[in-house]
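Residue-level structural notes
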Amino acid sequence: MGPVELLHMSVFSQTFSPCGRFLAAGNNYGEIAVFSLSAALSPDATGMSQKPILTFAAHEGPVFSLISTDTHLLSAGNGEISAWSWAELTKRSTKALWTRRPNYKTSLEIPEINAMIVNSKDNSLIVGGGDNNIHIMDMETGTFKSVLQGHKDYIHCLSFREREGELLSGGEDGAVRIWGELIAHQCLQKSLLVSVTYLGECTRPQFGKWIGCLTTDSDWMLCGGGPALSLWHLRSMSPTSVFSLAGCQREAVFYQDLILTVGEGPYVSHCVPGGTVKAQIPSSSPSLNTLTLNLNSNEHRVMTTAGSSDQIDVFTNFSYRAFSLSF
Amino acid sequence: MSTDPLKKRKTKVIRGDGGTPETKRIRGDADQSMEVEERRRRGSVHFIALKKLNRMAHMRLKKARDQTHEAKQRVDVLHLQLQNLLYEVLHLQKEIGKCLEFRSQHEEIELVSVDEFFQEAPAEISRPHLTKEDPHQLTLARLDWELEQRKRLAEQYKSSLCTKEKILKGIEMKKEYLNSLQPGLQAIMQASLPVQEYLSMPFERVQKQAEVARHLPPPLYVLLVQASAYGQACDTNLSVSISGDVDEAKALSRPPEDSQDDESDSDAEEEQQNTKRRRATVGVQLDDKRKEMLKRHPLSLCIELNCKDGSILHLFFYYLMNLNILTVKVKVSASADLSGAISAGELLNPESLLNCLYASDHGQETPNPANRYQFDKVGIVSFADYVAELGHPYVWVQSLGGLHFSSDSPQVEGPHSSLSASHMESTMKLLRGRLQARLALHKQFSSLEHSIVPVSNECQHLFPAKVVSRLAHWTMMSYEEFVELSFVQHVMKAGLVRNTDLFFMATVERGTARLQAAVVLNPRYPEITPLFSLSLLWKGERSGRTDDNLRAMESEVNVFRSELQGPRPGLQLLTNQMQRLCVCLDVYLETESQVCDGSEGPREFPREKMCLRTARGPNRLKPFKYNHPQGFFSHR
């Protein structure tokens, strides 16, 4: 990677290892880098500990999504999903355990996979991507059990309501769909369309109607993107607050009683569910794509953000940026 | 005497008798006298018989002794004879032994075998009738034959020695003859000069050059040798020549070249002159010292590189004696007319043409660390001030002349020709490449200034047939102007810009949209890709920092060098990058969704490009990648 390539690198996805000591990040060149968080956070950290312990080419296209199960790292590249063992990765072995592709109908252009979620109840992997469909794969057998169709444009984000076992998906067509009863009846897909654009408070026509980020807390749902970031009450299907943030948001999470969100603009926004933006913490990239919290480990409870640069910012105290890891 | 003892005895007896006669005399004087007389007479007769017996005994003894003696003598004689004979026998035995052991010299001579002898020797020597029986004769005959053969061979040997002497003499004469030819040949060569010129075989010129080359300082000599060798072996378009004043060089080479001596000499001279006239000011003195330190050797080398299209790159190499470095000045004589492009003014500037031939070789400072101390003595702060006049002391020039400066110690090694040889080929290739790249850029710039992006036939497949955005302006910028632009700060922070680079501003327009691209051109183009930074003015200002799609366009133009550089040697890189920028702007504008500030009028830019999807991925990038020959746009 020469300096010019580093200048044009974007990091799209990150995830922490099950033990919480490692961070995996995927960039637009199809590479995945594994960083040792324990080394970077230790008191005698040097410049070298902010570099990855392992960088390898995982896919041909950009790695838009990374998730971690108890033992595996799943990465999504150009229409394919690969699994890597965390134990092997920490030993610097880069052999994929398996690589699977959902069945796509189009052949001319390979659709990307934008979002992946693991449904731990029936051990299945749910992926959504460029072919406007959601595919569900059984993790044990590796076969794709079913396809959820309904979106008119490609899917940006997925979220899972643990209590009810429902899946939420947001796409480029501006719709948020709720898919229920996935576990029991695989053929019966009840989808409730929540069309965000109808509600005037959130819409921002100059940005478009696409839904870039979606997260849910079983009762509440946050969605944003082209429309402004808004908090919805799911039972009544109505928005309760709209956050006035300048750019389009790409990722939002609930944390304790705060909402943390990133998107266009070089900052992490802390918002209160009431609707006010409490703080905007500056970061090193001009715009941010992904934000993750390390909830697996108690001693390394950090937040990391990354976006359109080769730097991954690490926030040990969520109020300021501590240091940056770099590819 | 026998009588004596008798007498003595008698006397004794007498005396003895005398003792008592005194008493006896009275009694029997008369009868005693007659008995005595009788006894005396008988005694005397006995005495005479005794004497006679004694005598006879003695005589018998003597006789016996004589006989014994005689016998002994005879035995001795015989014994002696026996001894003599024995001795002789022994002697003879020894002689016999010796004779038997005697090896005559003739047995040491190797003779031919008997059969051969009989075969070869003529009859008068071999005399078979005699020799077959008698071995003595046979040996004699063989010896005779041997002697004759040896005499014959000795004759032959003498005669061959004579012939050898004659031949040696003949060789000597011929050698002298050949040596005498040399001056004759010289005369012929002189006479053939005009013929050489006519046939363009410049032997004479090469010799003259070699003659002058003897007076070159060692680094220039190394450079001359290596460059001529390289020119002859690999590259016929390279020619080397020496220019300058040979007499001055000869004058210089006579006293030993020692910078200390020179300085002190010149100082001494200065002082002498000063005492005669008014003392010159300190400033003038210092100036003279500086001039002395920076003095060039009177001889210089000129290397000319001819390129295929007829342009020539002239390189003039000078040697600064006191500083022990080589400098170079450059001149370009191009085959085509170069007056077209305004923005290309800097491209062929002789001051900066050879900048950074190798990375970070700026040629502003002297590479010899020892010069620092010398400069301090005469108050020269930086060599960069004198570069314009003296030439650039690039590191590759020092390597070509075999001068190697280590940065640890101020010791300078003598010129190595192996260092020069290893650098020669790569440097010559780089020089040629640099000249060709600059000339190509010159041509491209004059075309760019006329708003035409020249795309060669081999690279047409990279772009669609119809490109609507057009290049409106192409101007040159200075480093200061570049640094002030707001949308280039990320490139500056990444450390990819230096003040030796060339900066340009390109403006691409389509309709109401105006895209400004700031281009950083490294002197080592096309080895190093030019870097574009974009800023779009269309319904507000966006730059690569604020708009992910503009960033994707920058990446499309900057990162994919392998696609854009075209056929070797990659001189199409910049123009291909420009064309790709225009294509990307087309795609950007055409795929922008028309959700603007409320108005629902017709789209300003109708969709003409074929795209399968207009957005992909979390940041909804546009399809900038052109697929040939299908002609549609897709995402990377």
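Each residue is numbered by its place in its chain's sequence as written, counting from 1. The lettering of chains begins at A and the numbering of ligands begins at 1, in the order of writing. The predicted nature of this model means local features are confined to residues of pLDDT at least 70 and side-chain atom pairs, given and counted, to a pLDDT of 80 or more, with totals for whole chains, interfaces and linings taken over all residues. Neither water nor hydrogens contribute to the side-chain values; these are computed over all heavy atoms in the structure.

Keep this limit in mind: UniProt positions are given in the numbering used here, feature names are shortened, and annotations may be inferred rather than shown by experiment.
For chain B, the name recorded in an unreviewed UniProt entry is THO complex subunit 5 homolog, with Electrophorus electricus as its organism. The UniProt entry for chain B carries the following comment under Subcellular location (unreviewed entry): "Nucleus".

The name that an unreviewed UniProt entry assigns to chain A is THO complex subunit 6 homolog, with the source organism given as Electrophorus electricus. As stated in UniProt under Sequence similarities (unreviewed entry), the record for chain A gives "Belongs to the WD repeat THOC6 family."

1. Structural notes on the packing of aromatic side chains
Put simply, the rule is: Pairing of aromatic rings covers Phe, Tyr and Trp, the last through its six-membered ring, and needs centres within 6.5 Å; plane angles under 30 degrees mean stacked, over 60 mean edge-to-face, and all others mean tilted. Numbered from the N terminus, helices here are DSSP runs of H or I no shorter than four residues, and strands are runs of E no shorter than two. Summary of the burial criterion: residues with accessible area below 20% of their type's maximum are buried, those above 50% are exposed, and those between are partly exposed, where the area comes from a 1.4 Å probe applied to protein chains only.
Going through the model one piece at a time under the given rule, you end up with twelve aromatic pairs over all chains. Ring centres 4.9 Å apart and planes at 70° place the aromatic pair A:F12 and A:F64 in the edge-to-face group. Of the two residues, A:F12 sits in strand β1 (residues 11–16) while A:F64 sits in the loop between β4 (54–57) and β5 (65–68), which places them 52 residues apart along the sequence. Residue A:F12 is classed as buried on the basis of its relative accessible area, which comes to 6%. For A:F64, a relative accessible area of 8% translates into the label buried. Look at B:F445 and B:F504: their rings are 4.9 Å apart centre to centre, the planes differ by 70°, and that puts the pair in the edge-to-face class.

2. Some words on the interface of chain A and chain B
This is how it is decided: Pairs of residues are marked as contacts when any of their non-hydrogen atoms sit within 4.5 Å. Summed over both partners, the accessible surface that disappears when two parts come together, traced with a 1.4 Å probe, is what is meant by buried area. We define a salt bridge as a contact between a side-chain nitrogen of Lys or Arg and a carboxyl oxygen of Asp or Glu at a distance within 4 Å. In the analysis that follows, any N or O atom pair within 3.5 Å is treated as a polar contact, provided that within protein one partner can donate a hydrogen and the other can accept it, and provided that, for residues neighboring in sequence, both atoms belong to side chains.
Taken together, the 33 residues of chain A in the interface contact 25 residues of chain B. Its largest share of buried area at the contact with chain B, chain A owes to A:L7, A:H8 and A:E109, together 28% of the area lost on that side. Between chain A and chain B we count four salt bridges in total. One can count 13 residue pairs in polar contact (both at pLDDT 80 or more) joining chain A with chain B. The element best represented in the side of chain A that touches chain B is helix α1 (residues 3–7) of chain A, accounting for four residues.

3. Here we look at the packing of helix α7 (residues 135–179) of chain B against helix α8 (residues 181–191) of chain B
All names here are of chain B. Which entries qualify depends on this criterion: To get an axis, fit a line to the C-alpha atoms, keeping to the stretch in contact for a helix; angles then go from 0 to 180 degrees between the N-to-C directions. For this classification, under 35 degrees means roughly parallel, over 145 means roughly antiparallel, 65 to 115 means roughly perpendicular, and everything else is oblique. Each residue gets one of three labels, nonpolar for Ala, Val, Leu, Ile, Met, Phe, Trp, Tyr, Cys and Pro, charged for Asp, Glu, Lys and Arg, and polar for the others, Gly among them.
Their axes nearest at 4 Å, the elements α7 and α8 cross at an angle of 25°. With respect to α8, the axis of α7 lies roughly parallel. Contacts between α7 and α8 involve Y177, L178 and N179 on the former and, on the latter, L181, Q182 and P183. Considered class by class, the residues forming the contact of α7 with α8 number four nonpolar, two polar and no charged.

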